[in-house]
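Structural characterization, general
Residues per chain are reported as follows:
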Amino acid sequence: MPDTLTDSSAFIPQTVTPPEKPLPLVRGLLQMIANPLHVWPQAMYENPYHGVRWIGRTFHYFRRPEHMKAMFLDHADIFRKSQFQKKLVGPALGEGLLTSEGEHWKFQRRAASPAFRIDALRAMVPAFSSSAEATVERIKKAAATRGTVDMMGEMQHATLDVIVETILGGADPNFGYDHIATTVEDYMQTMGKPDMLDMFGAPTWVPRPWGGKGRKAAAGLKRSAVNAIERRRASGETRNDLLGLLLAARDPETGKGLSDDELRDNVITFIGAGHETTALTLTFSLYLIANAPEIQDRLLREVLDVCGDKPVTAAMIDAMPFHEQVIKEAMRLYPPVSLIDRVATEDIDLGDVQVKKGDFGFALIYVMHRHRMLWDHPERFDPDRFSEERAKGFARFQFMPFGAGPRICIGMKFAYMEAIAILATLVRALRFLPNAAHTVEPNIRITLRPEGGMPLFVEAR
Ligand code: HEM
């Protein structure tokens, strides 16, 4: 595979150094709660598979594209979402599209799909661009008064504005940035991580006193969603935004619509699943280009050539492939969803691995994206590995930031278009510079977040 980066120009981004050997059990469990990246030993990035037997079942740690295909596509009906995932996100997302299964999931996926067709997405681009323009102004102001600006906060603000606009059809008093940022943070820091009782398989009715803050956050989100739905109903308006489509959706077989609880759960699902992940993709992209000035210059040239000084449109997004390459490389190095788990509902023979009913399958996306057997210099930031030519050289399932198979992210195209529009608008107006005083330490909560945010130096161009 051609290597376009010379050693002197290659930027090696910071991350957690994996332990050389597996940790002893108790230390491993404690570290798992603090940050799973500290538990997965170096060997996992070098060999293709291992399984661990614990409390009567096997935990399969998958990081080969063939195993991903088996789990997410070929045997998707056998590998179901686990209670563990539901325990983490269920209190907030209820039984919406992300967490439901079977016929209930199918109905909701059918109902939501029209909102994610390409023509619907192209109509959303002005919302992406105007949120990006507002973000530029906010960052300029912050940079004028402070040394560094926290890009994680700024990107969460930008993507929350986009998702509230496109889902609820306009700014909503219940989903203001400050309120939602605190709520999501409270949730992630409490219920968004496994606790010791989960590790030992304690049932959910065993009280978890530290979850109080998280439960309050989940209840607050639910109230906000119910208020937004009630306001829409009271207005009598019919609109083509996602809430409008969900309100109008009918099951073709039964004629049944979504219940009030389903509507509420999906509003929270789309706002939750749709803003944090895209914000993290942009946050890590900005960190990477701040430290790779020649890549930042190539982005600047592309946006100036394609967009000039005009707001980014859908046609311009199609004409900026290097922006997409940078975003893909950021998601390879820091996949916002770094770990996806499933549970086997039947015995299944994967050829080299025998999976028994009740076993867990862990798709280690973060590990696969940095695996020595799959990538050339995996630790390097090299967006050209996603050029049309070089991307032909790797397997379909070795890059999986959006999952795969029937449960693949419904918002994938939305996320690419939004991230390209925002990145292009930011790079055109601002120069991002490294912050040597800050150590970047990604940490898996539900998503892969940089500990302590992402303070960067920024200058107006
Ligand atoms: C860079 C941004 C994003 C990333 C990395 C991402 C990642 C993922 C992944 C990995 C899954 C599959 C989870 C599993 O199999 O258990 C998923 C599902 C989902 N995502 Fe995204 N996502 C992103 C953006 C979005 C956006 C913008 C939306 C909505 C506007 C969204 C809505 C959803 C929903 C509703 C599901 C559940 C789909 C189903 O089960 O049918 N995501 N996402």
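Whatever comes next refers back to the structure up there.
Residues numbered from 1 in each chain as written. Predicted model: local features only at pLDDT ≥ 70, side-chain atom pairs only at ≥ 80, totals over all residues. Heavy atoms only, no water.

**Quick notes on the packing of helix α13 (residues 293-307) against helix α18 (residues 412-429)**
Any two packed helices are characterised by the angle at which their axes cross and by the distance between the axes. Packing of α13 against α18 brings their axes to within 9 Å, and their N-to-C directions diverge by 100°. In terms of orientation, α13 and α18 fall into the roughly perpendicular class. When α13 is examined against α18, the residues Gln296, Leu299, Leu300, Val303, Leu304 and Cys307 are found in contact with a partner set consisting of Leu423, Ala424, Val427 and Arg428. Residues belonging to the contact of α13 with α18 are distributed by class as follows: 8 nonpolar, 1 polar and 1 charged. (Axes fitted to C-alpha atoms, helices over the stretch in contact; angles between N-to-C directions. Helix = DSSP H or I, 4+ residues; strand = E, 2+ residues; numbered from the N terminus. Parallel < 35°, antiparallel > 145°, perpendicular 65-115°, else oblique. Contact = heavy atoms within 4.5 Å. Nonpolar A, V, L, I, M, F, W, Y, C, P; charged D, E, K, R; others polar.)

**Brief notes about the site of the ligand**
Taken together, 28 residues lie near the ligand, and Trp105, Arg109, Arg342, Arg407 and Cys409 sit nearest. With respect to the ligand, the side chain of Arg407 contributes an N or O atom lying 2.7 Å from an oxygen atom. Of all the secondary-structure elements, those providing two or more residues to the shell around the ligand are α4 (102-112), α12 (260-290), β5 (339-344) and α18. At 6 residues, α12 tops the list of elements feeding residues into the shell around the ligand. The residue makeup of the shell around the ligand, split by class, is 17 nonpolar, 7 polar and 4 charged. (Near = heavy atom within 4 Å. Polar contact = N/O pair within 3.5 Å; in protein donor to acceptor, adjacent residues only side chain to side chain.)

**Things to note about the sheet that holds strand β8 (residues 360-364)**
Overall, mixed pairing links the 5 strands, which are arranged β1-β2-β8-β5-β3 in an open sheet. Both outer strands of the open sheet, β1 (49-54) and β3 (79-81), are each paired with one neighbouring strand and no more. Each strand of the sheet is rotated relative to its neighbour by a mean of 30°, with strand direction disregarded. Note that β3 and β5 share 3 bridges and pair antiparallel. From the neighbouring strand, Lys81 faces β5, where its bridge partner is Arg342. Contacting β3 and β5, helix α3 (residues 83-93) crosses the sheet at an angle of about 135° to β5. (Pairing = 2+ DSSP bridges.)

**A short note on the sheet that holds strand β4 (residues 149-150)**
If you walk across this open sheet you meet the 3 strands as β4-β12-β9, and the pairing is antiparallel. Two strands close off the open sheet at either side, each with one partner strand: β4 and β9 (430-433). Here β9 pairs with strand β12 (residues 455-460) via 4 bridges, running antiparallel. When the bridges of β12 are listed, Arg431 appears paired with Glu459.

**So, the side chain of His369**
By secondary structure assignment, the location of His369 is in the loop between α16 (365-368) and α17 (388-391). Judged by relative accessible area, His369 falls into the buried class, the value being 0%. For His369, the side chain forms a polar contact with the main-chain oxygen of Met331, separated by 3.3 Å. (Buried < 20%, exposed > 50% of the residue type's maximum accessible area, 1.4 Å probe, protein only.)

**Observations regarding unusual backbone geometry**
Backbone geometry at Ile55 places phi at a positive 45°, although glycine is not the residue there. Taking relative accessible area as the criterion, Ile55 reaches 57% and is therefore assigned exposed. For His377, which is not glycine, the phi dihedral falls at a positive 45°. Mapped onto the elements, His377 comes out in the loop between α16 and α17. Using a relative accessible area of 31% as the deciding quantity, one classes His377 as partly exposed.

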